[in-house]
Amino acid sequence: MGISEKSVFLEENVLLKNTYKIKSVISYSDLSIVYLVDNQKNNKIQVMKEYYPKLLAIRDLDQKVVVCRLPRLKEKFEQLKKTFAQEAELLKILNHQHIVTYYDDFEENGTCYIVTEYCDGKQFDQFVKGDPKYILSSFFKKTILPLIDTLDYIHKSGIIHRDIKPSNIIIGQDGCPTIIDFGSAINLNETNSKTIFTTSGYSPIEFYSDCSEKGIYSDIYSLTATLYYFLTKSHPLNVSERIIEDRIEPIRKCNRKLSPLVSNVIMWGLAVNYKKRCPSLKFIKIAIYLEYLILKLKKT
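Residues numbered from 1 in each chain as written. Predicted model: local features only at pLDDT ≥ 70, side-chain atom pairs only at ≥ 80, totals over all residues. Heavy atoms only, no water.

Brief notes about the overall build of the chain
Counting its regular elements, the chain contains eight helices and 13 strands. The C-alpha radius of gyration computed for the chain amounts to 20 Å, which stays within 12% of the reference 19 Å derived for 300 residues, consistent with globular compactness. The dimensions of the chain, computed from C-alpha atoms along their principal axes, are 60 × 45 × 35 Å. A buried classification covers 49% of the 300 residues belonging to the chain. A fraction of 57% describes how many contacts in the chain between residues 6 or more apart in sequence connect residues 24 or more apart. Total accessible area on the chain is roughly 15300 Å²; 52% of this is exposed by carbon and sulfur atoms. Taken as two groups, the 42 positive and 35 negative side-chain charges of the chain have centres that lie 7 Å from each other. (Helix = DSSP H or I, 4+ residues; strand = E, 2+ residues; numbered from the N terminus. Rg over C-alpha atoms; globule rule 2.2 N^0.38 Å. Buried < 20%, exposed > 50% of the residue type's maximum accessible area, 1.4 Å probe, protein only. Contact = heavy atoms within 4.5 Å. Areas by Shrake-Rupley, 256 points an atom, 1.4 Å probe, with all protein chains shown as cover. Lys, Arg positive; Asp, Glu negative; His and termini not counted. Charge placed at Lys NZ, Arg CZ, Asp CG, Glu CD.)

Let's talk about the sheet that holds strand β2 (residues 20-28)
Taken in spatial order, the six strands line up as β1-β2-β3-β4-β8-β7 in an open sheet, and their pairing is antiparallel. Lying at the two open borders of the sheet, with one neighbouring strand each, are β1 (15-16) and β7 (102-108). Taken strand by strand, helix α2 (residues 74-93) contacts β3 (32-39), β4 (44-51), β7 and β8 (111-117), and its axis lies near 25° from that of β8. (Pairing = 2+ DSSP bridges. Axes fitted to C-alpha atoms, helices over the stretch in contact; angles between N-to-C directions.)

Comments concerning the side chain of T224
Tracing the backbone shows T224 in helix α5 (residues 216-232). Separated by 3.0 Å, the side chain of T224 and the backbone oxygen of Y221 make a polar contact. For T224, the residues in contact, after removing those within four places along its chain, are I266, G269, L270 and I284. (Polar contact = N/O pair within 3.5 Å; in protein donor to acceptor, adjacent residues only side chain to side chain.)

Here is the structure:
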């Protein structure tokens, strides 16, 4: 973390809303900075996301207030600020044990903040990289099936996440998943004008065009890309590399322990063309459940 990057973060022990004391920086992106905070009213550790579009914003001399860099960028700054705040509105709709819990949102220092629960655990990709000693059948049952059900709940609530990937799934010590970061999420009945930040390997082709329609099938691509990573220990090829000649390796070629059924269904979900993609989470859930039963019988 360079000096120039440090200068944009709120300093340790800064107090916001007379409640949230900054402890440390968790992560930062093009649109926001995520902090670990200490809630002074209930003594709980929580997570706070601050709207800070790094190409448009700068800290004022007090190192707290966020201001737009240039007058001509003000309209874009305010537009992105409104879309950032929409995440809190969507989180208020969702109430599920495997979705990060919303606590608060407010405006201060010329910007806005969203406070959520702190999920103790590892990001899905860190979990996979850690090569934990787990029973595959148990992981399918305790982690993957609840993950599919949670995404189905999100869709039935009229929302698409649009950023499902390993780093946005936290695996708790009990193996249970929690989906986080709804910054790109939208209501299904709204326009798709909200900015999407793509991730190589996990974003479907339709996320690379403002004109393309996005839907449940978009989340299905990202989910199956995440499952592909888990089962092969390698990131799937970026969709742009698959358009002319699709050279993505089939899951069965990388992991012979798996049945042709679950391998084929996941590859179906990874179809570049959404019209040829697995259309429903039900097919994925059935394939994973049958795989769980097979692995359980084999005691794998």
